[in-house]
Amino acid sequence: MLLHSHQRASQREVLLRQVEGELAEKVESFKKVEEELTNDVVDAYDEGFQDAIAQFACVHPEVDLSPFAESKCVVDGQLVLRE
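A brief report on the enclosed structure follows. (Residues numbered from 1 in each chain as written. Predicted model: local features only at pLDDT ≥ 70, side-chain atom pairs only at ≥ 80, totals over all residues. Heavy atoms only, no water.)

Helices and strands together make up the secondary structure of the protein chain, namely 1 helix and 2 strands. In terms of overall size, the protein chain is more extended than a compact globule, its C-alpha atoms giving a radius of gyration of 27 Å where 83 residues would be expected to give roughly 12 Å. Considered along the principal axes of its C-alpha atoms, the protein chain spans approximately 90 × 25 × 10 Å. By element, 59% of the accessible surface of the protein chain is carried by carbon and sulfur atoms, the whole surface being about 7600 Å². Of the charged side chains in the protein chain, 8 are positive and 18 negative, and the gap between their average positions amounts to 18 Å. (Helix = DSSP H or I, 4+ residues; strand = E, 2+ residues; numbered from the N terminus. Rg over C-alpha atoms; globule rule 2.2 N^0.38 Å. Areas by Shrake-Rupley, 256 points an atom, 1.4 Å probe, with all protein chains shown as cover. Lys, Arg positive; Asp, Glu negative; His and termini not counted. Charge placed at Lys NZ, Arg CZ, Asp CG, Glu CD.)

With that settled, consider unusual backbone geometry. Phi at Asp-76 takes a positive value of approximately 50 degrees, unusual for a residue other than glycine. Exposure remark for Asp-76: the relative accessible area of 77% places this residue in the exposed category. (Buried < 20%, exposed > 50% of the residue type's maximum accessible area, 1.4 Å probe, protein only.)

Enumeration according to the criterion identifies 1 salt bridge in this entry. Where Glu-13 meets Arg-17, a salt bridge forms, and the shortest distance between an N and an O atom there is 3.5 Å. Here the residue Glu-13 and the residue Arg-17 both occupy positions in helix 1 (residues 2-59), the gap between them amounting to 4 residues, near one helical turn. Overall, the relative accessible area of 53% leaves Arg-17 in the exposed class. (Salt bridge = Lys/Arg side-chain N within 4 Å of Asp/Glu carboxyl O.)

With that settled, consider the pairing of strand 1 (residues 72-75). Across 4 bridges, strand 1 lies against strand 2 (residues 78-81) in antiparallel orientation. Along strand 2, the bridge assignment pairs Lys-72 with Leu-81. (Pairing = 2+ DSSP bridges.)

On their own, these measurements won't tell you what the molecule is for.
And the structure:
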């Protein structure tokens, strides 16, 4: 009876290690997908910003667009670096 109980405990330990390994693989896979999606969002934001600047420059070529940057935002009517 004790041997049977010991075998079940050993089987549970093996199964637990297997599940832990699978979980670690899933976590690593999730982190990779998360990084890829984050990069995709950043790229889409950059592309949209650059497109908006290009469109504005096309309609108003006389305007100096050098103060505009993705890293800036408007605070109290002033263009400032984003924190």
